[in-house]
Amino acid sequence: MAERIHPADSPPTSGEHPMPKSVTSSPDKPAPQPGTYVIQIPKDQIYRVPPPENARRYEHLSKRKTRRSCCRSCCCCLLITIIVLLLAAAISAAVIYFVFKPESPNYSVENVAIRGFNLTSSSPLSPEFDVTVRAHNPNDKIGIYYEKGSSVRVYYEDINLCSGALPAFYQPTNNVTVFRTALKGSAIELTNGALRALSDQQNNGAVPFSLKLRAPVKIKVGSVKTWKITVKVTCKITVDRLTAASRIVSKDCDYGVDLW
């Protein structure tokens, strides 16, 4: 049983005089200070873990800490994996570059034969362009597979006049391939202002067009083929007339690739 020792100096009740009280003390038990309580609890009633009414709250906090720890570990593992993959890709790209020394292929428009332009009539046009393209692969150890699904379009200002596709073929190393593709359009309606502009430009011997080429290719490195890469070529060309005997006055081609 717990012992309770009351304060030594209790306040006197009305009409009573305070009576001194003595508290015995032993050598191993010092006397308590006046105005304090000393409560003794048996050791078997001291809880080393939360009492049952607080056990659920403790379990909830413990689970939250465990989930946070797991999330931190997963994030760290994912970050380390990404860094390792990026380093491996960078090292592989560097090895491929220094071993194979890849160079960009070159493209140019060599000739254009034009038909189907009647600038004196307001009826819809059916223009045809026979375009000769030169493709040069300057690489010593890299071949190029031109896949199906390519597109070639000719524009006058922002008007798509005709379209076609490239043939599918393989271009070996250190190779120049010249191919002709036929581009056709139908029911192309031009405004009177556009017809007058074309007529004036033809009289001046400088008719500008824009040719846009998109070709899916696969690169062959040794015996390995890459995934499909899209080659993009945009050529600004100017011809002297709108006939089959037209001659290219100026040309400027720009090209790039989409790796994905």
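Keep in mind it's a predicted model, so treat the numbers as computed, not measured.

### Concerning the pairing of strand 3 (residues 142-146)
Within strand 3, four of the five residues are buried, leaving the element largely enclosed by the surrounding structure. Bridge count between strand 3 and strand 8 (residues 207-221): five bridges; the pairing is antiparallel. The partner of Y145 across the bridge, within strand 8, is K218. Sheet topology places strand 3 next to strand 6 (residues 169-171); three bridges connect them, and they run antiparallel. Bridge pairing in strand 6 places Y145 opposite Y170.

### A look at the environment of G205
By the element assignment, G205 lies in the loop between helix 2 (192-203) and strand 8. Sequence separation of G205 and T238 is 33 residues, and the distance between their C-alpha atoms is 8.9 Å. Excluding its chain neighbours within four sequence positions, the residues that come into contact with G205 are V239, D240 and V249.

### Focus on a nonpolar patch on the surface
Taken together, the side chains of L79, I83, L87 and I91 define a hydrophobic patch exposed on the protein surface, amounting to about 400 Å² of accessible area. Structurally, the position occupied by L87 is in helix 1 (residues 55-100).

### Section: the state of the cysteines
As enumerated under the stated definition, the model contains one disulfide in all. Linked covalently through their sulfurs, C235 and C253 form a disulfide whose S-S length is 2.0 Å. Its S-S torsion of about 110° marks the bond between C235 and C253 as right-handed, since a negative value means left-handed. Residue C235 is located in strand 10 (residues 229-239), and its partner C253 is located in strand 11 (residues 248-258); the two are separated by 18 residues in the primary sequence. Under the relative-accessibility criterion, C235 is labelled buried at 2%.

### Notes on the environment of L211
Position of L211 among the secondary structure elements: in strand 8. A sequence separation of 49 residues divides L211 from C162, and the C-alpha atoms of the two residues are 9.9 Å apart. Residues in contact with L211, not counting those within four places in the same chain, are V109, V131, V152, R153, V154, V233, T234 and C235.

### Observations concerning the pattern of salt bridges
One pass over the full model with this rule turns up five salt bridges. Among the salt bridges present, the one from R115 reaches E128, with a minimum N-O distance of 3.9 Å. Here R115 is found in strand 1 (residues 106-115), whereas its partner E128 is found in strand 2 (residues 128-137), with 13 residues between them in sequence. You can call R115 partly exposed: its relative accessible area is 35%. Taken together, the shared-partner salt bridges connect R115, E128 and D130 into one network.

### Examining the pairing of strand 2
Buried residues dominate strand 2, accounting for seven of its 10 residues. Summarising the sheet, strand 1 and strand 2 pair through nine bridges and their orientation is antiparallel. Across the sheet, the residue bridging to R115 is E128, located in strand 2. By the bridge criterion, 10 bridges tie strand 2 to strand 7 (residues 175-184) in an arrangement that is antiparallel.

### A closer look at the confidence of the model for the chain
The pLDDT averaged across the chain works out to 81; a share of 70% of its residues lies at or above 70. Scored below 50 in pLDDT, residues 1-8 shows 16 contacts in the model against residues more than four places distant or in partner chains. Predicted confidence is poor over residues 13-25, with pLDDT under 50, and the contacts of this stretch with residues over four places away or in other chains come to four contacts.

About the criteria used
Residues numbered from 1 in each chain as written. Predicted model: local features only at pLDDT ≥ 70, side-chain atom pairs only at ≥ 80, totals over all residues. Heavy atoms only, no water. Buried < 20%, exposed > 50% of the residue type's maximum accessible area, 1.4 Å probe, protein only. Helix = DSSP H or I, 4+ residues; strand = E, 2+ residues; numbered from the N terminus. Pairing = 2+ DSSP bridges. Contact = heavy atoms within 4.5 Å. Patch = residues over 30% accessible without salt bridge, like charges linked within 9 Å, V, L, I, M, F, W, Y side chains within 5 Å. Areas by Shrake-Rupley, 256 points an atom, 1.4 Å probe, with all protein chains shown as cover. Salt bridge = Lys/Arg side-chain N within 4 Å of Asp/Glu carboxyl O. Disulfide = S-S within 2.5 Å. pLDDT = per-residue confidence, 0-100.

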